[in-house]
Amino acid sequence: MPIKVELIPVLEDNYIPIIIAENGNCLIVDPALAKPVDDFVNQNGLKPIGILNTHHHWDHTDGIEGLKSKYKIEVFGPKYDLYRVPSITNPLVNGDKLDLLNCTFEILEVPGHTLGHIVYYVKSENLAFVGDTLFAMGCGRLFEGSPEQMYKSLNQLVLWPDSTTIYCAHEYTESNGQFALSMEPDNTDLQLRMKQVEQIRSKGRPTIPTQMGVEKRTNPFLRVHSTEIKRNLGLSPETSNEATFTALRHAKDQF
Ligand code: ZN
Ligand code: FE
């Protein structure tokens, strides 16, 4: 495997993925802070070659400028967000492809959490970096986009193979799982996963990365076809999946 990924936990519940090639070159995803990345890079003898940004929120951008000026590296990020993330040197749009660390990173625009949000997909490695769009058993809050936009965005991600390893930006898994269980208490995959998640968290370890196949079986936002979810939202079985998604996102906001 030409690349591996390490997670740096920062702030309350953020993760900064570091994508590392065999020669020690690395990419930094959504640095909320510069110092912990700088320390990690030095301790491990790595050479940063670029920053990948998914969206403009401060907990994904505040470390960019410090790392950019210290290492003189390129900053990849959404073209849409150029006006609010001026550090971006390489603006990206849907369908762009980047050749970095001997891998191809495909860019998908996934509006919903924010309007400019993008994700990075490395098909050859079965890897994806999804920021605040898809979480383990959850999805991002809709700060700027509509439920319809987020529903469409998630429907692009589920086209990835079940074996895709997914790095999201927050450790929200346990509370997401509690909401998921309230919506689908009879889902045995979900019950089992929650037990595993509780064990992992009781040891203070990350539940990230996750896998697309696991999400399809346990993430209510990818399961809006479930009649159990529709019923628990007070919707009729004929309710469209998109309308179910809208009601589900609303219910999560109140949970
Ligand atoms: Zn965010
Ligand atoms: Fe965030």
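Residues numbered from 1 in each chain as written. Chains lettered and ligands numbered in written order. Predicted model: local features only at pLDDT ≥ 70, side-chain atom pairs only at ≥ 80, totals over all residues. Heavy atoms only, no water.

Q: A description of the coordination of the zinc ion (ligand 1) should follow, citing residues and the corresponding values.
A: Protein coordination at the zinc ion (ligand 1) comes from His-55 (NE2), His-57 (ND1), His-113 (NE2) and Asp-132 (OD), with a distance range of 2.2 to 2.3 Å. Relative to the metal, the four donor atoms surrounding the zinc ion (ligand 1) lie at angles of 87 to 172 degrees, and the coordination shape comes out irregular. Read in sequence order, the donor residues for the zinc ion (ligand 1) give the motif H-x1-H-x55-H-x18-D. By relative accessible area, which is 16% here, His-57 ends up buried. (Donors = N, O, S within 2.8 Å, 3.2 Å for Na, K, Ca; no water. Tetrahedral: all angles 85-135°; square planar, octahedral: opposite > 155°, others 65-115°. Buried < 20%, exposed > 50% of the residue type's maximum accessible area, 1.4 Å probe, protein only.)

Q: Tell me about helix α6 (residues 188–202), and name the residues and values.
A: With 15 residues, α6 extends 21 Å between its outermost C-alpha atoms, agreeing within 8% with the 21 Å of an ideal straight helix rising 1.5 Å per residue. Among all positions of α6, only Leu-190, Arg-193, Met-194 and Val-197 are buried. Projected onto a plane normal to the axis of α6, the buried residues spread over an arc of 105 degrees and lie on a single side. Exposed positions of α6 whose direction lies more than 90 degrees from the buried face are Thr-188, Leu-192, Lys-195, Gln-199 and Ser-202. (Helix = DSSP H or I, 4+ residues; strand = E, 2+ residues; numbered from the N terminus. Expected span 1.5 Å × (residues − 1). Arc of directions from axis to C-beta.)

Q: Got a sec to walk through the coordination of the iron ion (ligand 2)? Specific residues and values, please.
A: Looking at the iron ion (ligand 2), the protein donor atoms are Asp-59 (OD), His-60 (NE2), Asp-132 (OD) and His-170 (NE2), and they sit 2.1 to 2.4 Å from it. For the iron ion (ligand 2), the four donor atoms in the first shell make angles of 83 to 170 degrees at the metal, a pattern classed as irregular. Spacing between the donor residues of the iron ion (ligand 2) along their common chain follows D-H-x71-D-x37-H.

Q: Describe the pattern of salt bridges, with residues and values.
A: Using the criterion set out here, one finds 11 salt bridges in the structure. Its salt-bridge partner being Arg-141, residue Asp-253 comes within 3.4 Å of it at the nearest N-O pair. With Asp-253 in helix α9 (residues 241–254) and Arg-141 in the loop between β12 (138–139) and α4 (147–157), the pair connects residues that are 112 residues apart, well separated along the chain. We note a salt bridge from Arg-249 to Asp-253, for which the minimum N-O separation is 2.6 Å. Placement of both Arg-249 and Asp-253 in helix α9 is noted, with a separation of four residues, approximately one turn of the helix. Exposure remark for Arg-249: the relative accessible area of 4% places this residue in the buried category. Accessibility expressed as a relative area gives 32% for Asp-253, which makes it partly exposed. It is possible to trace a salt-bridge network through shared partners that takes in Asp-81, Arg-84 and Glu-144. (Salt bridge = Lys/Arg side-chain N within 4 Å of Asp/Glu carboxyl O.)

Note that every value here comes from positions in space, so none of it alone points to a role or purpose.
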